[in-house]
Amino acid sequence: MERAKAAARFSYSPYSRFPVGAALLCADGSIVTGTNVENRSFGLTNCAERSALFAAVSQGRTEFLALAIACPGSDVPIPPCGACRQVLSEFCPPVMPVFSAGKDGTILTMTIGELMPKDSLHGLKERRS
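Anyway, here's the lowdown on the structure attached to this text. (Residues numbered from 1 in each chain as written. Predicted model: local features only at pLDDT ≥ 70, side-chain atom pairs only at ≥ 80, totals over all residues. Heavy atoms only, no water.)

## A few points about the pattern of salt bridges
Short version of the rule: Criterion for a salt bridge: a side-chain nitrogen of Lys or Arg within 4 Å of a carboxyl oxygen of Asp or Glu. Put simply, DSSP marks the helices as runs of H or I at least four residues long and the strands as runs of E at least two long, and each gets a number from the N terminus on.
Tallying each qualifying case throughout the model produces 3 salt bridges. Linking Lys5 and Glu2 is a salt bridge whose minimum nitrogen-to-oxygen distance equals 3.4 Å. Residue Lys5 and its partner Glu2 are both found in helix α1 (residues 2-8); the two are separated by 3 residues, about one turn of the helix.

Here is the structure:
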């Protein structure tokens, strides 16, 4: 969570003024961070979670153990948005924990499976096994 908080400091969020940082624990023990990067065309904005995941994949990492999300300006922990859930479910197992924290340090813990129940991709992978 400390690495996610540190990543939030690099947020480019002039429109929402809502910095977010993410830290993705990779299977090799490395941690890849990301932050939200906004654009005046909100549809082109990238969330911290996807920034971290895309950076990790760009470095050749495709197996992940956990994700921490820090929203230092939020009164409550914020879980990933729908787009991030969809992208995370492509690479992360349903049992992988996701930790979200707001400014008071309270941590919400969920799994990818709880965030994306009945994910068709995981069902397809299970049927192929």
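Picking up where we left off.
## Focus: the environment of Val37
Spelled out, the test is: Residue contacts follow a heavy-atom distance rule, with two residues in contact if any of their heavy atoms lie within 4.5 Å.
With respect to the helices and strands, the residue Val37 is situated in the loop between β2 (31-35) and α2 (48-58). Along the backbone, Val37 and Ser13 are 24 residues apart, and their C-alpha atoms lie at a distance of 6.3 Å. Once residues within four sequence positions are removed from consideration, Val37 is found in contact with Tyr12, Thr45 and Asn46.

## So, the packing of α2 against helix α3 (residues 82-91)
Selection rule: A fitted line through C-alpha atoms represents every axis, and for helices the fit uses only the stretch in contact; the resulting angles, taken between N-to-C directions, go from 0 to 180 degrees. Each angle is binned into one of four classes, with values under 35 degrees roughly parallel, values over 145 roughly antiparallel, values of 65 to 115 roughly perpendicular, and all other values oblique. Each crossing is labelled by how the near helix is turned from the far one, with a counterclockwise turn of less than a right angle marking it left-handed and a clockwise turn marking it right-handed. Note on residue classes: Ala, Val, Leu, Ile, Met, Phe, Trp, Tyr, Cys and Pro are nonpolar, Asp, Glu, Lys and Arg are charged, and everything else, Gly too, is polar.
Two elements in contact, α2 and α3, have axes separated by 9 Å at closest approach and are oriented at 30 degrees. Judged by the inter-axis angle, α2 sits roughly parallel to α3. Considering how the two elements wind past one another, α2 and α3 form a crossing that is left-handed. Taking contact as the criterion, the partners of Glu49, Arg50, Leu53, Phe54 and Val57 in α2 are, on α3, Ala83, Cys84, Val87, Leu88 and Phe91. By residue class, the composition of the contact of α2 with α3 is 8 nonpolar, no polar and 2 charged.

## A word on the sheet that holds strand β5 (residues 107-111)
Hydrogen bonds along the backbone pair up the strands of a sheet, which may run parallel or antiparallel. Here is the rule: Strand pairing is assigned whenever DSSP detects at least two bridges linking the two strands.
The 5 strands are arranged β2-β1-β3-β4-β5 in an open sheet whose pairing can be described as mixed. The strands lining the two open edges of the sheet, one partner per strand, are β2 and β5. In this sheet, neighbouring strand axes are inclined to one another by 15 degrees on average, regardless of whether the strands run parallel or antiparallel. Together, β1 (21-26), β2 and β3 (64-70) form the strand contacts of α2, whose direction differs from that of β2 by roughly 135 degrees.

## Overview of the nonpolar core
One recurring pattern in soluble globular proteins is that nonpolar side chains are buried together. Inclusion rule: The term nonpolar core refers to a set of buried residues drawn from Ala, Val, Leu, Ile, Met, Phe, Trp, Tyr and Cys, joined through side-chain atoms within 4.5 Å. Exposure is judged per residue with a 1.4 Å probe applied to protein chains only, and the accessible area is read against the type maximum: over 50% gives exposed, under 20% gives buried, and values in between give partly exposed.
Counting 19 residues, the largest nonpolar core has Leu24, Phe64, Leu67, Met96 and Val98 as the members making the most contacts within it. Elements supplying a minimum of two residues to this core: β1, α2, β3 and α4 (112-115). If one sorts the elements of this core by residue count, α2 sits on top with 4 residues.

## Observations regarding α2
Listed in full, the buried residues belonging to α2 are Ala48, Glu49, Arg50, Ser51, Ala52, Leu53 and Ala56. Summarising the contacts, the buried residues of α2 are in contact with β1, β2, β3 and α3. Two residues or fewer past α2, Gly60 is found with a positive phi of approximately 90 degrees.

## Examining unusual backbone geometry
For Arg17, which is not a glycine, the phi torsion comes out positive at approximately 55 degrees. Its location among the elements puts Arg17 in the loop between α1 and β1. With a phi close to 55 degrees, Lys118 is a non-glycine residue in the positive phi region. By the secondary structure assignment, Lys118 is in the loop between α4 and α5 (120-128). Here Lys118 falls in the exposed class, since its relative accessible area comes to 85%.

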